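Residue-level structure breakdown
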Amino acid sequence: MLRRPRAEHDRRAVRLPVGSFVPDDFVADIVHDGDLAATIEAVAAFAPLAVISGGEVGVELADLLAERLGLPGNGTALSAARRDKHLMVETVRAAGLRAARQLRATDADELAAWHRELGGRVVVKPPRSAGSQGVSFCDTPEESVAAFLSLADADDVFSQPNNGAVAQEYLPGTEYMVNTVSRDGRHHVCDVWRTSRVSANGVVDLCDALSLIDSGSRVVEPLTEYAFQVLDALGIRHGPAHLEIRMTPTGPCLVEVGARIAGGGIPAGAGLGIGESQLEWTVDAYLRPERFHARAAIPYDVRRYSAIAGMVSPVEGVLGAYRGIEEIEELESFHSLATPVKPGQEIHPTVDDLTYPVIVTLLHDLDEVVQRDLNTIRHLDGAAFYVLDHAARA
């Protein structure tokens, strides 16, 4: 869904809304209640040209609707592999690509034995979740078992039962986000982001920022080659995909992939830095395929360097105020700021992508300025940044 353009604002006055759903942006609200025939009939009434998943939970239904309506899509044969993290990695491995060692964990004793044999650090996560929700980094079999027990009988972020967990070897190296769009099996890299990470709040590898990198960066070529092979292995021939890949000492290795547009403000950040994003490329892929194919081989050009930083709350309670937010707004590369947690609301320690209390977007002609300001944001963050309202808590 492309929004109506908004008026230009002064860069130091931009406060982005956290909620993104605007009912008036849509011509209809069709709720799928399990009756596939009724949903297909309701969608078909609008003579759609494409069915695109708006988020991770809609990937399989979008595949099914596109297939039944005879529209360009990825089919349903590999739909489950595009959602289930364990099946996803096994499908990539079966294609002869580098893939993490893993276990579909349904038994605590089996998981403990597997971790002891593997050694080192293990990542335990829900099989079909998103946003790093429920992901644990475990250095001992006992930690893996504790993480498994917290997930096995719980629901994921979409309120669906986990029915176990996935345990994977920890992949060392920098993690990159590669965003692509495909048409007729031809793939295009729209933008690549380098992640930075901290150890905080009991999370060993918490992502705290994304930085847009040049398409000419040395790491982009091997990431692109591997990403395209992953897309082929998972049957992603049409539409957007968001790949998270670790550049390990022995080469790229998949963390996971979403067969949908990237979330977390990434398309907006790419648009600021490049002039277009997965959104525009997706429109071309479905509505102007000839234009897509004419441009697909052209590397993207960074016009301005963009970064997205999440503040990492160490506190628990009712938020009274943020102390020092004005200093962030005075940074040379400051562009915009969103506050998912506002004064008067409950604030919790940041442990995943869903619990950043403040999200800052930076933009500047020089990457060095953006990186300096990212370091300044991390310097300003910490317990003193958050003023709790102890009276409200009481």
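Bear in mind the structure is a predicted one, so any value in this text is a computation, not a measurement. (Residues numbered from 1 in each chain as written. Predicted model: local features only at pLDDT ≥ 70, side-chain atom pairs only at ≥ 80, totals over all residues. Heavy atoms only, no water.)

**Topic: the sheet that holds strand β14 (residues 346-347)**
Spatial strand order, β14-β12-β16: three strands in an open sheet with antiparallel pairing. Across the chains shown, the open sheet's two edge strands, defined by having one partner strand only, are β14 and β16 (386-388). (Pairing = 2+ DSSP bridges. Helix = DSSP H or I, 4+ residues; strand = E, 2+ residues; numbered from the N terminus.)

**Some words on the sheet that holds strand β2 (residues 102-105)**
Across the sheet, four strands lie side by side as β2-β5-β3-β4; this open sheet has antiparallel pairing. Among the strands making up the open sheet, the edge pair consists of β2 and β4 (136-138). Neighbour-to-neighbour, the strand axes of this sheet turn through a mean angle of 20°, independent of strand direction. In this sheet, β4 lies alongside strand β3 (residues 122-125) in antiparallel orientation, the contact comprising three bridges. Paired with Val 124 across the two strands is Ser 136, which belongs to β4. Each of β2, β3, β4 and β5 (165-169) is contacted by helix α5 (residues 141-152), which is oriented at about 10° to β3, the strand it contacts most. (Axes fitted to C-alpha atoms, helices over the stretch in contact; angles between N-to-C directions. Contact = heavy atoms within 4.5 Å.)

**Some remarks on the side chain of Asp 205**
Positionally, Asp 205 belongs in strand β8 (residues 203-212). Take Asp 205: its relative accessible area is 10%, and that puts it in the buried class. Side chain to side chain, Asp 205 and Tyr 170 meet in a polar contact 3.5 Å long. Separated by 2.3 Å, the side chains of Asp 205 and Arg 246 make a polar contact. With residues near it in sequence (within four places) discarded, Asp 205 still touches Phe 137, Tyr 170, Arg 197, Val 198 and Arg 246. (Buried < 20%, exposed > 50% of the residue type's maximum accessible area, 1.4 Å probe, protein only. Polar contact = N/O pair within 3.5 Å; in protein donor to acceptor, adjacent residues only side chain to side chain.)

**Structural notes on helix α6 (residues 220-233)**
Over its 14 residues, α6 runs 20 Å from end to end, which matches the ideal 20 Å to within 8%, given 1.5 Å per residue. Within α6, the full set of buried residues consists of Val 220, Leu 223, Thr 224, Tyr 226, Ala 227, Val 230, Leu 231 and Ala 233. Two residues or fewer past α6, Gly 235 is found with a positive phi of approximately 70°. (Expected span 1.5 Å × (residues − 1).)

**Remarks on the confidence of the model for the protein**
Taken as a whole, the protein shows an average pLDDT of 92; of its residues, 94% reach a score of 70 or greater. Segment residues 1-18 is flagged for pLDDT under 50; beyond a separation of four residues in sequence, or across chains, it makes 33 contacts in the model. (pLDDT = per-residue confidence, 0-100.)

**A closer look at the pattern of salt bridges**
In total, this model carries 24 salt bridges according to the counting rule given. A salt bridge links Arg 260 to Glu 56, with the nearest nitrogen and oxygen atoms 2.7 Å apart. With Arg 260 in the loop between β10 (251-258) and α7 (266-274) and Glu 56 in the loop between α1 (36-44) and α2 (59-68), this pair connects stretches of sequence that are 204 residues apart. Taking relative accessible area as the criterion, Glu 56 reaches 4% and is therefore assigned buried. Among the salt bridges present, the one from Glu 175 reaches Arg 246, with a minimum N-O distance of 2.9 Å. Residue Glu 175 is located in strand β6 (residues 174-183), and its partner Arg 246 is located in strand β9 (residues 239-248); the two are separated by 71 residues in the primary sequence. (Salt bridge = Lys/Arg side-chain N within 4 Å of Asp/Glu carboxyl O.)

**Here's the deal with the nonpolar core**
Core analysis: the largest hydrophobic core is formed by 66 residues, its most contacted members being Val 192, Leu 243, Leu 254 and Ile 328. In terms of residue count, the dominant contributor to this core is α6 (seven residues). When neighbours within four sequence positions are excluded, Leu 243 is seen to be in contact with Tyr 176, Met 177, Val 178, Thr 180, Ala 227, Val 230, Leu 231, Leu 254, Glu 256 and Val 257. With 17 residues, the next largest nonpolar core counts Leu 111, Leu 118, Phe 148 and Ala 152 among its residues. (Core = buried A, V, L, I, M, F, W, Y, C linked by side-chain atoms within 4.5 Å.)

**Digging into unusual backbone geometry**
Leaving glycine aside, a negative phi is the common case for residues, and trans is the common case for peptide bonds. One non-glycine residue, Ala 47, adopts positive backbone phi at about 50°. If you trace the backbone, Ala 47 turns up in the loop between α1 and α2. On the basis of relative accessible area, Ala 47 is assigned to the exposed category, the value being 58%. The backbone of Asn 201 shows a phi angle near 55°, a positive value even though the residue is not glycine. You can see Asn 201 is positioned in the loop between β7 (186-200) and β8. Overall, the relative accessible area of 31% leaves Asn 201 in the partly exposed class.

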